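Per-entry structural report
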Amino acid sequence: MKQELLTRFFTYVKVDTQSNENNEECPSTPGQLTLGRMLVEELKAIGMSDVTVDANGYVMATLPANTDKDVKTIGFMAHLDTATDMTGAGVNPQVVENYDGGDIVLNEAQHIILSPKEFPELPSYKGHTLVTTDGTTLLGADDKAGMTEIMTAMAYLIAHPEIKHGNIRVAFTPDEEIGRGAHRFDVEAFGAAYAYTMDGGPLGELQYESFNAAGAKITIQGKNVHPGTAKNKMINAIKIAIELNSKLPASEAPEHTEGYEGFFHLMALEGDVEHASLRYIIRDHDRNLFNGRKERLAAVVEELKAKYGADRIQLEMKDQYYNMGEKIEPVKEVVDIAHEAMVNLGITPIVEPIRGGTDGSQLSFKGLPTPNIFTGGMNYHGRYEYVSIDHMELAVKTIVEIVRLYEEKA
């Protein structure tokens, strides 16, 4: 199975599918549609049914039931796009066989090294087959590892009809990394009772709680006057922006929080004396605390409006997604079966909240409860990204065992 995983994974990561938040079209980049069409042909080739890709790049397919039992239809999903943080063009994956636990030279010419000194979990992968970047791009394991695992699991189930299962649906979605993966997803057409996103990280991750999330953009209009004659006239937009940020609690930022702790995250600050803008994301697992954070930011803006003039500062704030735990908790069996599947395979489940969002956050609120499962990838979104093929194999086995358990318990 390892070679099968490597072959598929290498094929997928070499297609540049980085999404583009500045393009409102869906998918936001043509590479996603290219990869989607490749998957359509592969799904047909391995024997899947009802294989479709729509104009927006959503790929769906069915593995028909091979049991007489009345089994709930379940789905498995991954996203086509890669992150905007670093280029996904020209990905040149490197294979490290039987990893020795030490430094991995990603790029000798540029002196880029994946080292246990900076990533202390690395020695725990000793003996594994790892796939890394060449130090100049991200790898794309987020989420092409999940994609590879779903495809490999479906091929395995088709080749092993002795494993009984109900109808299984698979889907590959565009633009997850820019928060739009579920926007045009047709839950009714998908037709599953539950689904799982294969979009997690280390071995054993099982997540069914996410942040509540909002985005905010603040624009500030200053007044530029020659500094030699600026007294009581100049209004420095950059300084107002700095003042605004200083009024938010410094300890409630991503670099100082963990677990269920929420934060304000300043994503971008641009400007000059005349004009400045700030972009924030606001996150909290607790809905009341989340609403409180939004109110706090709005209050800071109002305070500065009173000081500098209401027409000088504008706030645009919009909710992005909510904690999927609200919708999954009432149907906890979707989590319990995944938990049982991992235990059956000797995997220790790591049940913890996602400090981020997945397609499952929005899908759960659209009527499709969708927890998240590990893929085996680490250090997503950058040059130090890597994935364990050994753990990818266990992710495939987890999918197969989940499918088997649903049929067994029907």
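The structure presented is a predicted model; accordingly, all values stated were derived computationally and were not measured.

1. A look at the overall build of the chain
- Within the chain, the regular secondary structure consists of ten helices and 18 strands.
- A globule of 410 residues ought to have a C-alpha radius of gyration of about 22 Å, and the chain, at 23 Å, matches this closely.
- For the chain, the spread of C-alpha atoms along the principal axes amounts to about 85 × 50 × 40 Å.
- By sequence separation, contacts in the chain at least 24 residues apart represent 80% of the contacts at least 6 residues apart.
- For the chain, the separation between the mean place of its 38 positive charges and that of its 61 negative charges on side chains is 6 Å.

2. A short note on unusual backbone geometry
- With an omega of -5°, the peptide bond between Cys 26 and Pro 27 qualifies as cis.
- Checked against the element boundaries, Pro 27 lands in the loop between helix H1 (2–13) and helix H2 (30–46).
- Following Asp 142, the chain continues to Asp 143 via a peptide bond in cis, the omega torsion being 15°.
- Residue position: Asp 143 is located in helix H3 (residues 141–159).
- If you check the backbone angles, Asp 175 has positive phi at about 60° while not being a glycine.
- Checked against the element boundaries, Asp 175 lands in the loop between strand S8 (168–173) and helix H4 (187–190).
- With relative accessibility at 1%, the residue Asp 175 sits in the buried group.
- Even without glycine at this site, Asn 379 takes up a positive phi of about 55°.
- Relative to the elements of secondary structure, Asn 379 occurs in the loop between strand S17 (377–378) and strand S18 (386–388).
- Classification of Asn 379 as partly exposed rests on a relative accessible area of 24%.

3. Thoughts on the UniProt feature "domain: Peptidase M20 dimerisation" (unreviewed entry) in the chain
- When the UniProt feature table is mapped to this numbering, "domain: Peptidase M20 dimerisation" (unreviewed entry) covers residues 208–309.
- For the annotated span residues 208–309, helix accounts for 31% and strand for 28% of the residues, and the straight-line distance between the end C-alpha atoms is 44 Å.

4. What to know about the packing of H1 against H2
- In contact at an axis separation of 11 Å, H1 and H2 are set at 155° when each is read in the N-to-C sense. Classed by the angle they form, the pair H1 and H2 counts as roughly antiparallel. Residues Arg 8, Thr 11 and Tyr 12 of H1 touch H2, and the partners they reach there are Leu 35, Met 38, Leu 39, Glu 42 and Ile 46.
- Of the residues in the contact of H1 with H2, the class split is five nonpolar, one polar and two charged.

Quick notes on the rules
Residues numbered from 1 in each chain as written. Predicted model: local features only at pLDDT ≥ 70, side-chain atom pairs only at ≥ 80, totals over all residues. Heavy atoms only, no water. Helix = DSSP H or I, 4+ residues; strand = E, 2+ residues; numbered from the N terminus. Rg over C-alpha atoms; globule rule 2.2 N^0.38 Å. Contact = heavy atoms within 4.5 Å. Lys, Arg positive; Asp, Glu negative; His and termini not counted. Charge placed at Lys NZ, Arg CZ, Asp CG, Glu CD. Buried < 20%, exposed > 50% of the residue type's maximum accessible area, 1.4 Å probe, protein only. UniProt positions renumbered as here; feature names shortened; annotations may be inferred. Axes fitted to C-alpha atoms, helices over the stretch in contact; angles between N-to-C directions. Parallel < 35°, antiparallel > 145°, perpendicular 65-115°, else oblique. Nonpolar A, V, L, I, M, F, W, Y, C, P; charged D, E, K, R; others polar.

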